[in-house]
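Results of the structural survey
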Amino acid sequence: MIEENCEKIARLCLDKFKKLPKQGKPTAGQWTVLAGLVLEYENRLHLISLATGTKCLSGEERWKAAKGTILNDSHAEILVRRGFLYWLLLQFKLKEEGGESPFVIKVGGEEPPAGDKEPPIGGVEPPVGGEDPPAGASGEELLEGKFELRAGVRFHLYSSHPPCGDASIFNIHEQPESNGTERTDAGDVNENIGDPLAITPKQTTDENKEPPLKKLKLDTNRTGAKCVLGGKMDPEGEGVQYHSTGPIRTKPGRGDRTLSLSCSDKILKWNVLGIQGSLLSMLVKEPIFLSSIIIGSRHFNLESCERAFSGRYPGTAHLPNLLQCMEVEFEYMKTDDRVPSHDSLLLVTGEQGFKEAYVSGFKQGWSKKKLSNPKSWSLVSQKNMAKLFKSVYPSLSNIDKYSDLKHTSAAYNKAKADFKANMPSWPPKDTSLANFSLLDME
Ligand SMILES: [Zn+2]
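Residues numbered from 1 in each chain as written. Predicted model: local features only at pLDDT ≥ 70, side-chain atom pairs only at ≥ 80, totals over all residues.

**Points about the confidence of the model for the protein chain**
Mean pLDDT over the protein chain stands at 84; residues scoring 70 or higher make up 82%. Counted against residues more than four places away or in other chains, residues 177-190, with its pLDDT under 50, gives 32 contacts. Here residues 198-207 is a poorly scored stretch, pLDDT under 50, and it has 7 contacts once near neighbours within four places are set aside; other chains count. (pLDDT = per-residue confidence, 0-100. Contact = placed C-beta atoms within 7 Å.)

What follows is the structure in structure tokens.
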């Protein structure tokens, strides 16, 4: 089923992008990454959110910004997921207000449509909460998991480029300097792209064995993402000795190191904990997993994607179907002669959907001096997402601190603690960055 839909999903994303006005799009001579989140239900595909972007804030920029107002990570894969969360909150709000959603039901409130109930997405069990849920600010006991997706709803992530970090590390044929195709240090993303090796079923990842294609000189496709301290580091030797595979990395970037982890690391976390994140864990009956990841690029390596998105995790990760779609190409894909675009955009479909264009994590058109104005903040900024969340879950509306709101789901807290225990080099979050008030959003 998914193989048949792979090209349709890619086309849905690319066609929608083409129809968008040019605000936030790359200009001539620039490249970006396009990502889309597509819902599949009853043999129909629905585009939920669409995003472009290659940038994230440096650690310094993040410290300087007013907390919760700026988008820290504008890589397309990350933005498109925030758009998905916003869309899902809107669906829950609709149900809460007595409306109809074709994809979401209230737990205990109604029966799913006739037909055999399918197993949960990815065929998985929800994480088990180890403690009693905390009481809400109003003193009443919190109810986790008010909503669930209709049986058969599935989500597919499309990206026009392999995600940065571990998934981008794979062996390539070394290319001569004069061959100008696609071998590049492109701006601050700093990834070299060469020809991926054809993967044969018997190919091994054992680094101690000789490469299968002995006569060809091998190199490693490089990622600009840097290993986090405290784990395995890159040896930075010649050719295939340049990178280590498996470590957690921060996103590529020049200057002050960013605090954002690479897209490969974030996707691994989604495959263990679900894509719904901490806030929406309070609302969904069970975690939501991606059914597939479709890479619309010839620079796709199945083995490195499997390793990055699941194989390097010692516990249970739910590996989505991994597919390559070469039939349609993104018009602003990365090439040697293009520089990365600084702009990004996000589209969320549906009745209360929106389109926003960003630069440096805030809405385009705003001067840096006026960023205290909430109108300059993205609808998917932490503050605005928390506001929408509270409107769906009013019994939490008295919680002031964003960090407290993020920690209300006992099941998610437990699952996240287990995840971090399995990944000891996963860097701890600086809790002070989430320590901001939400009451000024009322
Ligand atoms: Zn990325």
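**Describing unusual backbone geometry**
Peptide bonds are trans in most cases, and residues, glycine excluded, mostly fall at negative phi. Of note in the backbone geometry, Glu42 takes a positive phi value of approximately 50 degrees without being a glycine. Note on placement: Glu42 falls in the loop between strand 2 (34-41) and strand 3 (44-52). Backbone geometry at Glu236 places phi at a positive 55 degrees, although glycine is not the residue there. The topology assignment puts Glu236 in the loop between strand 12 (226-227) and strand 13 (249-250). Judged by the 10 C-beta atoms lying within 10 Å of it, Glu236 falls in the exposed class. (Helix = DSSP H or I, 4+ residues; strand = E, 2+ residues; numbered from the N terminus. Buried ≥ 20, exposed ≤ 12 C-beta atoms within 10 Å, placed from the backbone.)

**A short note on the packing of helix 4 (residues 263-273) against helix 6 (residues 302-311)**
Taken N-terminus to C-terminus, the directions of helix 4 and helix 6 make an angle of 55 degrees; their axes are 8 Å apart at the nearest point. One finds that helix 4 runs oblique with respect to helix 6. Contacts between helix 4 and helix 6 pair Ser264, Ile267, Leu268 and Asn271 from the former with Ala308, Phe309 and Ser310 from the latter. Residues belonging to the contact of helix 4 with helix 6 are distributed by class as follows: 4 nonpolar, 3 polar and no charged. (Axes fitted to C-alpha atoms, helices over the stretch in contact; angles between N-to-C directions. Parallel < 35°, antiparallel > 145°, perpendicular 65-115°, else oblique. Nonpolar A, V, L, I, M, F, W, Y, C, P; charged D, E, K, R; others polar.)

**Description of the nonpolar core**
Judged by nonpolar contacts, the single largest core of 90 residues is most densely connected at Cys13 and Ile294. Looking at which element gives the most residues to this core, the answer is helix 3 (residues 76-96), with 11 residues. (Core = buried A, V, L, I, M, F, W, Y, C linked by C-beta atoms within 7 Å.)

**Remarks on the sheet that holds strand 8 (residues 154-159)**
With respect to topology, 8 strands assemble into an open sheet ordered 15-14-8-2-3-17-18-19, the strand pairing being mixed. Looking at which strands have only one partner, the edges of the open sheet turn out to be strand 15 (321-324) and strand 19 (362-363). With 8 bridges connecting them, strand 2 and strand 3 associate as antiparallel partners. The residue bridging Leu37 from the neighbouring strand is Ser49, located in strand 3. Relative to strand 3, helix 1 (residues 2-19) is tilted by about 50 degrees, and along the sheet it contacts strand 2, strand 3, strand 8, strand 14 (292-295) and strand 15. (Pairing = 2+ DSSP bridges.)

**Structural notes on the pairing of strand 2**
The side chains of a regular strand alternate, residue by residue, between the two faces of the sheet. With 7 of 8 residues buried, strand 2 lies mostly within the body of the structure. The antiparallel pairing of strand 2 with strand 3 creates a hairpin that spans 2 residues between the two strands, and Glu42 there sits at a positive phi of about 50 degrees. Taken together, the 6 bridges between strand 2 and strand 8 define a ladder with antiparallel strand orientation. Bridge pairing in strand 8 links Val38 to His156.

**Considering the pairing of strand 18 (residues 354-359)**
Judged from the 6 bridges that link them, strand 17 (residues 343-348) and strand 18 form a sheet pairing that is antiparallel. By the bridge assignment for strand 18, Ser344 is matched with Tyr358. Between strand 17 and strand 18, which follow one another and run antiparallel, lie 5 residues, and Gly350 among them has a positive phi close to 105 degrees. Where strand 18 and strand 19 come together, 2 bridges link them in antiparallel fashion. Bridge pairing in strand 19 links Val359 to Phe362. In this structure, the hairpin formed by strand 18 and strand 19 is closed by a connection of 2 residues, where Ser360 is found at a positive phi of approximately 55 degrees.

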